[in-house]
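Coordinates in review
In case you want the letters, here they are:
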Amino acid sequence: MMNGKVECSVCRSRTVSRAYDDHKIRVTSKQRVLNVLLVVGDCMLVGLQPVLVYMSKVDGKFNFSPISVNFLTEIAKVVFAFVMLLIQAKHQKVGEKPLLSVSTFVQAARNNVLLAVPALLYAINNYLKFTMQLYFNPATVKMLSNLKVLVIAVLLKMVMKRRFSIIQWEALALLLIGISVNQLRSLPEGATAIGIPLATGAYICTFIFVTVQSMASVFNEYALKSQYDTSIYLQNLFLYGYGAISTYIKVLTGPDSFDILQGQSRATVFLIMNNAAQGIISSFFFKYADTILKKYSSTVATIFTRITSAALFGHAITMNFLLGISIVFISMHQFFSPLAKVKDEQQQNGSLELSIAKDTHRDNDSFINMAAGANEEATHRGQSDDRTPLLPR
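Residues numbered from 1 in each chain as written. Predicted model: local features only at pLDDT ≥ 70, side-chain atom pairs only at ≥ 80, totals over all residues. Heavy atoms only, no water.

So, about the overall build of the protein. A count of helical and extended segments in the protein gives 15 helices and four strands. The buried share of the protein, taken over its 393 residues, is 44%. Counting only contacts in the protein whose residues sit at least 6 apart along the sequence, the fraction spanning at least 24 positions is 86%. Just so you have it, the protein exposes about 21600 Å², and 64% of that area is on carbon and sulfur atoms. (Helix = DSSP H or I, 4+ residues; strand = E, 2+ residues; numbered from the N terminus. Buried < 20%, exposed > 50% of the residue type's maximum accessible area, 1.4 Å probe, protein only. Contact = heavy atoms within 4.5 Å. Areas by Shrake-Rupley, 256 points an atom, 1.4 Å probe, with all protein chains shown as cover.)

The subject of this paragraph is the confidence of the model for the protein. The predicted model of the protein has a mean per-residue pLDDT of 75, with 69% of residues at 70 or higher. This stretch, residues 363-393, has a pLDDT under 50; its non-local contacts, to residues over four places away or in other chains, come to one contact. (pLDDT = per-residue confidence, 0-100.)

Leu85, Leu115, Leu234 and Phe284 are the most contacted members of the largest nonpolar core, which has 31 residues in total. Of all elements in the fold, only helix 2 (29-56), helix 3 (66-90), helix 5 (116-132), helix 9 (198-226), helix 10 (232-252) and helix 11 (266-288) reach the threshold of two or more residues within this core. Of all the elements, helix 10 adds the most residues to this core, at seven residues. In this view, leucine 234 contacts Leu85, Phe105 and Ala108; residues no more than four positions away in its chain are not counted. Of all hydrophobic cores here, the second largest spans 20 residues; its members include Met160, Leu172, Leu175 and Tyr222. (Core = buried A, V, L, I, M, F, W, Y, C linked by side-chain atoms within 4.5 Å.)

Turning our attention to the packing of helix 3 against helix 11. At their nearest, the axes of helix 3 and helix 11 sit 9 Å apart, and the two run at 55° to each other. Judged by the inter-axis angle, helix 3 sits oblique to helix 11. Crossing of helix 3 over helix 11 shows right-handed handedness. In contact with Val69, Leu72, Thr73, Ala76, Lys77 and Phe80 of helix 3, helix 11 contributes Leu271, Ile272, Asn275, Ala276, Gly279 and Ile280. A per-class count over the contact of helix 3 with helix 11 returns eight nonpolar, three polar and one charged. (Axes fitted to C-alpha atoms, helices over the stretch in contact; angles between N-to-C directions. Parallel < 35°, antiparallel > 145°, perpendicular 65-115°, else oblique. Left-handed = near helix turned anticlockwise from the far one by under 90°. Nonpolar A, V, L, I, M, F, W, Y, C, P; charged D, E, K, R; others polar.)

Right, let's get into the packing of aromatic side chains. Applying the stated rule across the entire model yields ten aromatic pairs. Ring geometry for phenylalanine 164 against tryptophan 169: centres 5.5 Å apart, planes inclined by 75°, an arrangement best described as edge-to-face. Among the residues examined, phenylalanine 164 registers a relative accessible area of 13% and is labelled buried. Classification of tryptophan 169 as partly exposed rests on a relative accessible area of 28%. When the centroid spacing of 5.3 Å and the interplanar angle of 70° are considered together, the rings of tyrosine 296 and phenylalanine 336 count as edge-to-face. Of this pair, tyrosine 296 sits in helix 12 (residues 291-313) while phenylalanine 336 sits in the loop between helix 13 (319-335) and helix 14 (343-360), placing them 40 residues apart in sequence. Residue classification places tyrosine 296 among the buried positions, given a relative accessible area of 0%. Residue class for phenylalanine 336 comes out partly exposed when judged on its relative accessible area of 39%. Aromatic rings pair up to connect Phe164, Trp169, Tyr296, Phe335 and Phe336 into one cluster. Positioned over the ring face of tyrosine 228 is lysine 287, at 5.7 Å from the centre of the ring. (Phe/Tyr/Trp six-rings, centres within 6.5 Å; stacked < 30°, edge-to-face > 60°. Lys NZ or Arg CZ within 6 Å of the ring centre and 35° of its normal.)

Attention shifts here to the pattern of salt bridges. This structure, assessed with the given rule, holds five salt bridges. Across the salt bridge formed by glutamate 221 and arginine 162, the nearest N and O atoms sit 3.0 Å from each other. Highlighted residues: glutamate 221 in helix 9 and arginine 162 in the loop between helix 7 (148-159) and helix 8 (166-183), separated in sequence by 59 residues. Taken as a pair, glutamate 221 and arginine 162 share a single burial class, namely buried. As a salt-bridge pair, arginine 162 and aspartate 290 come within 2.6 Å of each other at their nearest N and O atoms. A residue pair is termed long-range when its members are at least 10 positions apart, and arginine 162 in the loop between helix 7 and helix 8 and aspartate 290 in the loop between helix 11 and helix 12 qualify at 128 residues. There is no split in this pair, since arginine 162 and aspartate 290 are both buried. The network of salt bridges with shared partners includes Arg162, Glu221, Lys225 and Asp290. (Salt bridge = Lys/Arg side-chain N within 4 Å of Asp/Glu carboxyl O.)

Okay, helix 4 (residues 102-111) next. For helix 4, every residue scored as buried is listed here: Thr104, Ala108 and Asn111. The buried residues of helix 4 occupy an angular sector of 60° when projected down its axis, which confines them to one face. Set apart from the buried face of helix 4 by more than 90 degrees, the exposed residues are Val102 and Arg110. Contacts from the buried residues of helix 4 go to helix 10. (Arc of directions from axis to C-beta.)

The subject of this paragraph is helix 2. With 28 residues, helix 2 ought to run about 40 Å at 1.5 Å a step, and its terminal C-alpha atoms sit 40 Å apart, in line with that. Its maximal kink placed at glutamine 49, helix 2 deviates by approximately 25°, while the proline proline 50 follows within four residues. (Expected span 1.5 Å × (residues − 1). Bend = angle between axes of the 7 residues up to and from the residue.)

On to the side chain of serine 331, then. Topologically, serine 331 is positioned in helix 13. For serine 331, a relative accessible area of 0% translates into the label buried. With near-sequence residues (within four places) excluded, serine 331 lies in contact with Ala171, Leu172, Leu174, Leu175 and Tyr296.

Residues other than glycine seldom take positive phi values, yet lysine 161 does so here, at roughly 55°. The exposure class of lysine 161 is partly exposed, given its relative accessible area of 38%.

Following this line, the structure appears as structure tokens:
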């Protein structure tokens, strides 16, 4: 990788995956703390999002357009990325390439043009996210959206050549079982929505929602990691800019009397801020952590969602939920267990530990070699000059 570009286009996915694996092995304690903070923040934000959407509904409907909320969310993320880019540029060291120069911006725009793909998929996903709220209560929406973990794993294997052990595939299967247990008897019999039986409409919407969001997550991680040396705030500026353009096109194709601020309330303002924060944290997950970790952290948010929705809206905490979330926790422990790692990764970890051990004893070895060399030299001086040459055998 040179200047943020992967030179080999044929093995581009494998190169990106290998670069990420090398980075993951050298995770420092500060980065582990950052990952923990990302997981905690993501759990709170993702768990709170369905509750805010539920609070924004009036008589089961939205008084505002979901497109307007998505557009304002993208604008908020663009502003945040631009402000952080200004702060980062202000604290650059002498000799570093300026982030705000035209040449840097144009070159980064060319290298990160792939971010337009996940931006478009996210724009579609954000609209589907509101539609999902019409079918289920908040905690059920969260559990259904976790089905995308398996789809993401398949896409990671296909797109980024990521390998998973048998134990990790079994952990993903356990995750699906936990989700299924929670969904038992969650659909009211005979209920309908938009003229379609509830179960049928819900499953169709869920399939589209899971597929689109999974593709967006994987392509986003691929695009961010393929330009690893580029500032994440500059990459976010492009990603959110593309997203704002995609959403604005939907605004232009709407009715002539469309008002972005129509129906907005205090709940929608918090919803916009929450969605923007989710997108920002997600970018850090995709570039510095892992998409699977991001989705597992979102799964944990189900607990927060269920407790909050039960406290605010009186939704019952059922035995199915308790059993399902228990299976999910077992799945998480199994997936991230050291025993579940691929053999090559274990060998890399062992090689790294061996390298560290060699570096630790390098000074002692050098001293021993110096002493041995001096002893050998003294021995050679006492020998005759008719010595056989030391040739390789």
